[in-house]
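Take a look at the letters that make up each chain.
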Amino acid sequence: MPSPLTPSPGGTSDIRVGLAGFGPAGSFFHAPLIAATPGLRLSAVVTRDPGRAGRVRADHPGAEVVAAAEDLWDACDLVVIATPNRTHVPLAAEALKAGLPVVVDKPLAGAADEARDLVRLARDRGLMLTVFQNRRWDGDFLTLRRLLPELGEVRRFESRFERWRPVPKGGWREAGGPEDVGGTLFDLGSHLVDQALTLFGPVTHVYAETDVRRAGVRNDDDAFVALTHRSGTRSHLWMSAVAGLPGPRLRVLGSRAAYVKWGLDPQEERLRAGERPGPADFGRGEDPRDGWGTERSDPWGTERSDPWGTEPPERWGTLGAEGDVRPVRTEPGAYQRFYEGVVACLRDGARPPVPAEEAVAAIAVLEAARLSASLGQVVPVPAHGE
């Protein structure tokens, strides 16, 4: 368990956060959520891009803009790494060696062995290492967690992150080489595999198909992964940038009932629009150390006219079996719970919101999926990801 963090120099109770990277992950997700979280203060941001530096100064006037990650080591209490995937491992290792706890955007690494090395380094130094798997706090995922007892034995879990982007956007995710850890399998697949493992436990076998569908793209942009869980559940996961008409976000088939949900959680859309959770969304009826985001005492957030993460009834999913189906309210999504959990971990010694060991297990599954796709056959996953 990581050691609790002592207060910052000067006696302030806020944890000073240094953010490495201000691309989409840093600017739309990490910076707004950090700025909104009680107990955290965004103190410095790494970017060399003049346009991004201007946005930092406009949106986060209290944060210093610095040119390199090493400029953060003496200026913060916590490092958040939201840089391109190939830099996650070396930057996280440097921060840990500098004595700083670390949040890494997903995927933690491109290989399970590299991820295990980081976990050992953090453990040896008594530092928190956690991974930003924000989709554990999607409203549909929290709803499914709540509904599992009503479904009975879950036999098949179908989950999709599908988009329609027929024209490539460019950049390392699409055009980079293997060292860039790009492609939809390690991007969207990181979320889908993490959710499947979190719900249904370890995987024994993987089958995968990956394709490059668009001209000018080097990395997979269309993929399917089938997981056989030790529990007996089978997870079927789709991730795509070329889905003209996406399928249901979730279709979960149990021995007593099924749950079907269409449409994506609204939190990403709201964050990209410049919104962020407000004070009424933090800490209501939930211990922030609990990574599950259990139902809150005021789930509709009556203190707010437009509660964060809620969906209107027309977007709710349905529960039941043929001839007996009813709509079920979607739990409010709660990305703010991740950074609440970071504060609890650093201040109180609580469990990290996403233990890095769980990220290692997901990467081991993604590695097996990549191998399966190259061989065209089912691949076993070693027990415990060893």
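I will try to describe carefully the structure that is included in this document.

Rules used in this analysis
- Residues numbered from 1 in each chain as written.
- Predicted model: local features only at pLDDT ≥ 70, side-chain atom pairs only at ≥ 80, totals over all residues.
- Heavy atoms only, no water.
- Salt bridge = Lys/Arg side-chain N within 4 Å of Asp/Glu carboxyl O.
- Helix = DSSP H or I, 4+ residues; strand = E, 2+ residues; numbered from the N terminus.
- Buried < 20%, exposed > 50% of the residue type's maximum accessible area, 1.4 Å probe, protein only.
- Contact = heavy atoms within 4.5 Å.
- Phe/Tyr/Trp six-rings, centres within 6.5 Å; stacked < 30°, edge-to-face > 60°.
- Lys NZ or Arg CZ within 6 Å of the ring centre and 35° of its normal.
- Pairing = 2+ DSSP bridges.
- Axes fitted to C-alpha atoms, helices over the stretch in contact; angles between N-to-C directions.

1. A word on the pattern of salt bridges
So, step 1. With the rule as written, the count across this model stands at 29 salt bridges.
So, step 2. Two residues, Glu311 and Lys261, come together in a salt bridge whose shortest N-O distance is 3.3 Å. Here the residue Glu311 occupies a position in the loop between helix H8 (267-272) and strand S13 (317-321), and Lys261 occupies one in strand S12 (residues 258-261), the gap between them amounting to 50 residues.
So, step 3. Connected via shared salt-bridge partners are Arg156, Glu158, Arg160, Glu162 and Arg251.

2. Brief notes about the environment of Ser13
So, step 1. Note on placement: Ser13 falls in the segment before strand S1 (15-20).
So, step 2. For Ser13, a relative accessible area of 56% translates into the label exposed.
So, step 3. Along the chain, Ser13 and Leu40 lie 27 residues apart, while their C-alpha atoms are 8.7 Å from each other.
So, step 4. With near-sequence residues (within four places) excluded, Ser13 lies in contact with Gly39 and Arg347.

3. Some points on the packing of aromatic side chains
So, step 1. Evaluated as defined, the whole model comprises 7 aromatic pairs.
So, step 2. Feature note: the residues Phe29, Phe132, Trp137, Phe338 and Tyr339 constitute an aromatic cluster, connected by ring pairs.
So, step 3. Stacked on the ring of Trp238, the Lys or Arg Arg160 has its end atom at 3.9 Å from the ring centre.

4. Brief notes about the sheet that holds strand S11 (residues 250-254)
Paired through backbone hydrogen bonds, the strands of a sheet run either parallel or antiparallel to each other.
So, step 1. Across the sheet, 9 strands lie side by side as S14-S13-S12-S11-S7-S10-S9-S8-S15; this open sheet has mixed pairing. Each edge of the sheet is formed by a strand with only one pairing partner; in this case those strands are strand S14 (324-328) and strand S15 (379-380).
So, step 2. As defined by bridge partners, S13 adjoins S14 across 5 bridges and the pair is classed as antiparallel. Bridge pairing in S14 places Thr318 opposite Pro327.
So, step 3. Of the strands in this sheet, strand S7 (154-162), S11, S12, S13 and S14 are in contact with helix H5 (residues 139-151), which crosses S12 at around 165°.

5. Brief notes about unusual backbone geometry
Phi is mostly negative for residues that are not glycine, and the peptide bonds are mostly trans.
So, step 1. Omega for the peptide link from Lys106 to Pro107 comes to -10°, which places this bond in the cis form.
So, step 2. Note on placement: Pro107 falls in the loop between strand S5 (102-105) and helix H4 (112-125).
So, step 3. In this structure, Val181 is a non-glycine residue whose phi angle is positive, near 55°.

6. So, the pairing of strand S8 (residues 203-211)
So, step 1. Relative to strand S9 (residues 222-229), S8 runs antiparallel, the two sharing 8 bridges. Bridge pairing links Val203 to His229 in S9.
So, step 2. Pairing between S8 and S15: 2 bridges, direction antiparallel. Bridging from a neighbouring strand, Val206 pairs with Val379 of S15.

7. Some words on the environment of Ala196
So, step 1. Along the chain, Ala196 turns up in helix H7 (residues 184-200).
So, step 2. Ala196 sits in the buried class, given a relative accessible area of 0%.
So, step 3. Sequence separation of Ala196 and Leu227 is 31 residues, and the distance between their C-alpha atoms is 8.6 Å.
So, step 4. Ignoring sequence-local partners within four residues, the contact set of Ala196 consists of Phe157, Gly201, Leu227, His229 and Ser235.

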